[in-house]
Amino acid sequence: MNWVLESRTTEHSLYFILRERVTLASVLLEHVSKKYGQVEAVHDVTLNVEDQEFLILLGPSGCGKTTTLRMVAGLEDVTSGAIHIGSRDVSHVPPKDRDIAMVFQNYALYPHMTVFENMAFGLKLRKVPRAEIDRRVKEAAEILGIGTLLERKPKELSGGQRQRVALGRAIVREPLAFLMDEPLSNLDAKLRTQTRVELKRLHQRLGATIIYVTHDQTEAMTMGTRIVVMKDGVVQQVDTPDGIYHRPANQFVATFVGTPAMNLLRGELTRQGTTVSFVAEGQSMTLPTRIAQAASALTGNTLALGIRPEDVHVSPEAVSRFPDTQIRAVVRLIEPMGHENMVYLDYGNQSLIARTANDWLGTVGETIACALDPARLHAFDAATEKSISASA
């Protein structure tokens, strides 16, 4: 038996009771593809979104994430494959009959209606009794902190308040799943951060299944229980935020997730007995055993080493701890960030970024010793761009 906390309001307080959930709100995509003429926007996507999961579709513009979401919603037809919501195959079911609610980037509020009327509109179309409409709207408004705004028109609201109204309109539907298409992209940075936190709390409170589209990796890393990284209509990796960050499946995932992006250094392998070295820009470093062993899977002899900026050490104390993976580089730029510095380095004809303490004393133009934490090194086949080893 499956239970979720459901909100209830009284005149003086908000409290929760347990409600039995009869239907599991899982969403299953089986080999789903979408073509526009000869262009394949989404290729053979198979995903199992579990009940009450917060799944993020992440990728750059044009990667197919919004098209995938719209196919789940029924706003785009499936070219091939099947979509199940709960226990039903909804591949060819109209959007209104899929028991989902969608939150759009542009809010899509009716300007001539009050907040209450906007939130109640979908329920009125379904001929829900007036008393039930009042209950649902007021409860959702209380949860979202817009209970005092119910008589206002959208033009009287801030961007954040309008987004809450759009969320409230979805909540009152009590759908099996929420589909959200970049709902925070129109908000300023401060409000976007605040609303991220509110959305995560809302998910925990409602126990809802959410599929959320974004190109913002910060949103993905902070809100999602799992992340689906897409590129050119193809799923690159499905994993937890920790797995995506620390164990990227290929170079695209490694460089797309993380700010600044993961450093990639291209070089050749040399072997002397059991020692495997990485040679680039006239410098050599000894590779840790786990990468040396994985190098046998390379399609050639060229390797791309990946390292996060926080794992590039430039202080003498830290550098001395990693004698096998030391290199020398020229400081090109120091970018103060307040609590830390970003140090941009020239490693021959290649570039490297190090994240350092804000009291680091290097100077532009100086040649310094750096060390790459061997436990945090990633190795990618330069020919296929696929990972051949995971970091420790």
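J.: Would you mind going over the sheet that holds strand β9 (residues 177-181) with me for this structure?
T.: Strand pairing in a sheet relies on backbone hydrogen bonds, with the paired strands running either antiparallel or parallel. With mixed pairing, the six strands of this open sheet are ordered in space as β8-β9-β10-β5-β11-β12. Looking along the sheet, the strands with just one partner apiece sit at the ends: β8 (100-103) and β12 (234-239). Neighbour to neighbour, the strand axes of the sheet diverge by 15° on average, direction disregarded. Note: β8 against β9, four bridges, orientation parallel. Paired with Met102 across the strands is Leu179, a residue of β9. Packing of helix α4 (residues 159-171) onto the sheet brings it into contact with β8 and β9, and relative to β8 it is tilted by some 175°.

J.: Is there a simple way to explain the nonpolar core in this structure?
T.: A general tendency of soluble globular proteins is for nonpolar side chains to be buried together. By size, the foremost hydrophobic cluster in this structure holds 48 residues, and its most contacted members are Met119 and Tyr212. Among the elements that take part in this core, helix α3 (residues 130-144) stands out by supplying six residues, more than any other. Ignoring sequence-local partners within four residues, the contact set of Tyr212 consists of Phe54, Leu55, Ile56, Leu57, Met180, Pro183, Leu184, Leu199, Glu219 and Met223. Counting 32 residues, the second-largest nonpolar core is a separate cluster that includes Val276, Ile307, Leu352 and Cys370.

J.: Can you help me understand the packing of aromatic side chains in this one?
T.: Aromatic rings in a pair are described by how distant their centres are and how their planes are angled relative to each other. Applying the stated criterion across every chain yields a total of three aromatic pairs. Measuring from ring centre to ring centre gives 5.7 Å for Phe54 and Tyr212, while their planes differ by 45°; the resulting arrangement is tilted. Of this pair, Phe54 sits in strand β5 (residues 54-58) while Tyr212 sits in strand β10 (residues 209-214), and the two are 158 residues apart along the sequence. Classification of Phe54 as buried rests on a relative accessible area of 0%.

J.: Would you take a moment to explain helix α5 (residues 189-206) for this structure?
T.: The periodicity of an α-helix, 3.6 residues per turn, causes residues three or four positions apart to be oriented the same way. Between the first and last C-alpha of α5 there are 26 Å, a value that for 18 residues agrees with the 26 Å anticipated at 1.5 Å per step. Along α5, the positions that sit buried rather than exposed are Thr195, Arg196, Leu199, Leu202 and His203. The arc enclosing the buried residues of α5, seen along the axis, measures out at 130°, which places them on a common side. Seen from the buried face of α5, the exposed residues on the opposite side, beyond 90 degrees, are Lys190, Arg201 and Gln204. Residues of α5 that are buried in the fold lie against β5, α3, α4, β9, β10 and α6 (217-223). Once α5 ends, the next one or two residues include Gly207, with phi positive near 60°.

J.: Explain helix α1 (residues 65-73) here, please?
T.: Within α1, seven of the nine residues are buried, which leaves it mostly tucked inside the rest of the structure. Burial in α1 covers these residues: Lys65, Thr67, Thr68, Leu69, Met71, Val72 and Ala73.

Basis of the calculations
- Residues numbered from 1 in each chain as written.
- Predicted model: local features only at pLDDT ≥ 70, side-chain atom pairs only at ≥ 80, totals over all residues.
- Heavy atoms only, no water.
- Pairing = 2+ DSSP bridges.
- Helix = DSSP H or I, 4+ residues; strand = E, 2+ residues; numbered from the N terminus.
- Axes fitted to C-alpha atoms, helices over the stretch in contact; angles between N-to-C directions.
- Contact = heavy atoms within 4.5 Å.
- Core = buried A, V, L, I, M, F, W, Y, C linked by side-chain atoms within 4.5 Å.
- Buried < 20%, exposed > 50% of the residue type's maximum accessible area, 1.4 Å probe, protein only.
- Phe/Tyr/Trp six-rings, centres within 6.5 Å; stacked < 30°, edge-to-face > 60°.
- Expected span 1.5 Å × (residues − 1).
- Arc of directions from axis to C-beta.

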